[in-house]
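Residues per chain, in single letters:
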Amino acid sequence: MTVTASASQTRPPVQRWLLVWALALAAVLVVFLLQDRLPWAVNYPADAVVPVADWVSALMRWIKPNLSWLTRSITAVLGVPLDFALDLLAKNFKIGHGADSYFLPRLSWIGVCVAAFIAGHAVGGRKLGMLVGGCFLYTALFGQWTSAMLTLALISIAVPFCIVTGLFAGIWAWRKPWAERLIISPALDLMQTIPTFAYLIPMLLLFGNSPVSAMIATAIFATPPMVRATMLGLSRVPSEIDDFSEMAGCTARQKLWRVLLPSARPTLMIGVNQVIMLALNMVIIASMIGAGGLGYDVLLALRALKVGEAMEAGLAIVALAIALDRLSQAIAHKQAKGHVQRQANQSVWRRYPNLSQAIAILVVTTLLGLFVPAFAAVPKAITFTTAPLWKAAVSWVTINFFDVIEAFRVALILNVLNPLRAFCEGFPWLGAVALLGLAGYQFGGLRLAAFVAALTAFCAVTGLWEKTMATVYLCGISAFIACLIGIPIGLMAARSDRFEKIVTPIIDTLQVLPSFCFIIPVVMLFRVGDVTAMIATVAFAVVPAIRYTNHGIRQVPPALIEAAKVSGCTPRQTFFRVQLPLALPEIMLGVNQTILMALAMIIICAMVGTRDLGQEVFIALSKADSGRGIVAGLAIAFIGIVADRLFNAWTAKARARLG
């Protein structure tokens, strides 16, 4: 009783916070109504804008000539393995110069397909082998082989770089808590919330329009999951293993590399899987600055409104994503179960039979390509295209359902999107800073309040408030609809194992689809604009809402459910009064992830005509305006960081309240 009484005295009651919020909202309303007398509190004064963009542009103009020796050195070093991978998979090796030069062929497409089957069969059995090999064969038969191999070559160099960099950064953060708190975590937050387009601008200015620029941007974007996986894996190694290694006399280096990292291998492999998927997603977007490959094909087709060609290239991206995702997941699962011990005195052929077999097949088929052209390049006679079918399907839908689609689009714009946009863009900037600061104070104290208010104010003082609120409006309604769809589906999946078996493959497929692929079918039907961006964003961001809701309900301890049943609760009462309240923090984490994914997708949707911060970054990329693009990218990142910090603080408070 004493503890309860003291807690109630130190914690403000709910009624007090309701009163505080009512007064704060009333104050904001007064400011809005008096905007003629207080215009500076509603719209940030143009003459008070801080020229951060000009400062960044000046810095980039200084860096480019003064550090050109460094950028040229980096390009030369990274260009060697990248050129080798491109020649090996997508191009031919040129040896010599002039008339004396000759070419060695790239790897045979038949050999690569067979090697993909062997890799899948080795780690996941015949079904996985057929899936992985079939995905590679699909890209060949649909005439996308060269583009797919260009994309794969970039990934094959970027991913090892991300893994090594992320591993060492994660080890450093794990060993030095101050580094994790002051350097690594803020850097990871910024890297994961800055939009993908914003990465391209400094890379384009410093390294030019080349595959090396695309690879560096991809490596920066895809490294954070490996850092987090390394920190998580090392922190979860049982203390008994750590103590045993010290008792065995291991040095600090031996303990790390021979005990701790092997014990954390399953978690590390999950990080590798995430690195591969993010690298694939980023390589597609990096096609804008010289990456080439499938992303460039999609981009050209979208610009020319060739829906059939765009759909084929998009499906090839999907096939490559599914193959790499399933293969890396199977390797992670096999590592978690343990690996087979091999005798050191065995020959390489016996120790690694699958690898040796794949290499032999690649060598033989590639050599055969010197004499049989069908082995060197995919014969056009066996390729086919479905582009005319997609075009015909879109034309049929447009002709027969144009009135319905147009009525839905116009009604959505007039009755929902335009009023919500007007409300957000007219919201006083000072009121938004104050309300978000108040939310930060309620959930996390004075430090979180100051942090959130400062990041929100940045968007205003840089002159991007209207664009920021346009982004918030479109991201907010997309995330709201995604949660409105995803949370009920997650609840149904949690209550029915049969329904979960149906939903899981669908959300797994949605999770591996690159963001480009969500835009293509929606553009076909709804043309460009906010409606297209909203629908594509909802489809892209709905997965976390489903997955976290399902997981949150299922992780409620069975003992509590049994206690509710013993107390006489019906299944409905048990669900709504026990499972749902206890799962609420987990569900809110899903909402947090849904918002972050919606924000990431909204920026990519700048390609289809949205007028927000994404458009700012897109315009800056086309004009190579580094200051404009980086500041807009920071504003987008700060929106994500504010949402993430507030939701995490609220979730932590809810978890503490629920014990």
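First, a word on scope: everything that follows refers to the structure included in this document.

The rules behind the values
- The residue numbers shown here count from 1 along each chain, following its written sequence.
- Owing to the predicted nature of the model, reporting of local features is limited to residues with pLDDT of at least 70; listing and counting of side-chain atom pairs is limited to 80 or more, with chain, interface and lining totals taken over all residues.
- Where side-chain values are given, they derive from all heavy atoms of the structure, hydrogens and water being excluded.
- Counting from the N terminus, the helices are DSSP H or I runs at least four residues long and the strands are E runs at least two residues long.
- Each radius of gyration is computed over the set of C-alpha atoms, and the globule rule expresses the reference value as 2.2 Å times the number of residues to the power 0.38.
- Methods summary: accessible areas were calculated by the Shrake-Rupley approach with a probe of 1.4 Å, and residue burial reflects only the protein chains presented.
- When charges are counted, Lys and Arg contribute as positive and Asp and Glu as negative, whereas His and the chain ends are disregarded.
- Charge coordinates come from a single atom per side chain, which is NZ of Lys, CZ of Arg, CG of Asp or CD of Glu.
- Only Phe, Tyr and Trp rings are paired, with Trp represented by its six-membered ring, and only when their centres lie within 6.5 Å; those with planes under 30 degrees apart are stacked, over 60 edge-to-face, the remainder tilted.
- Here the term buried applies to any residue with accessible area under 20% of the maximum for its type, exposed to any over 50%, and partly exposed to those in between, with areas from a 1.4 Å probe on protein chains only.
- The rule for a salt bridge is simple: a side-chain nitrogen of Lys or Arg has to be within 4 Å of a carboxyl oxygen of Asp or Glu.
- Given the number of residues in a helix, its expected span is that number minus one, multiplied by 1.5 Å.
- Fitting one axis to the seven residues ending at a residue and another to the seven starting there, the bend at that residue is the angle between the two axes.

## Side note on the overall build of the chain
A tally of regular secondary structure across the chain gives 30 helices and two strands. The C-alpha radius of gyration computed for the chain amounts to 27 Å, which stays within 12% of the reference 26 Å derived for 659 residues, consistent with globular compactness. Dimensions of the chain along its principal axes, counting C-alpha atoms only, are 80 × 60 × 60 Å. In the form shown here, the chain has an accessible surface area of approximately 33,200 Å², with 67% of it arising from carbon and sulfur atoms. The averaged location of the 30 negative side-chain charges in the chain is 6 Å from the averaged location of its 50 positive side-chain charges.

## Some words on the packing of aromatic side chains
Following the criterion strictly, the structure yields 11 aromatic pairs and no others. Seen from their ring centres, F142 and F384 are 4.7 Å apart, and the 65° between their planes marks the pair as edge-to-face. Placement of F142 in the loop between helix 6 (109-141) and helix 7 (145-175) and of F384 in the loop between helix 19 (373-376) and helix 20 (387-425) is noted, with a sequence separation of 242 residues between them. Among the residues examined, F384 registers a relative accessible area of 43% and is labelled partly exposed.

## Observations concerning the side chain of D612
With respect to the secondary-structure elements, D612 resides in the loop between helix 28 (571-604) and helix 29 (613-623). Here D612 is buried and forms no salt bridge, its nearest opposite-charge partner R421 lying at an N-O distance of 6.6 Å.

## Topic: helix 26 (residues 530-554)
The end-to-end C-alpha distance of helix 26, which contains 25 residues, comes to 36 Å, matching closely the 36 Å that a straight helix rising 1.5 Å per residue would cover. Most pronounced at A541, the bend in helix 26 amounts to some 35°, and the proline P544 follows within four residues. For helix 26, the buried fraction is high: 19 of the 25 residues fall into the buried class.

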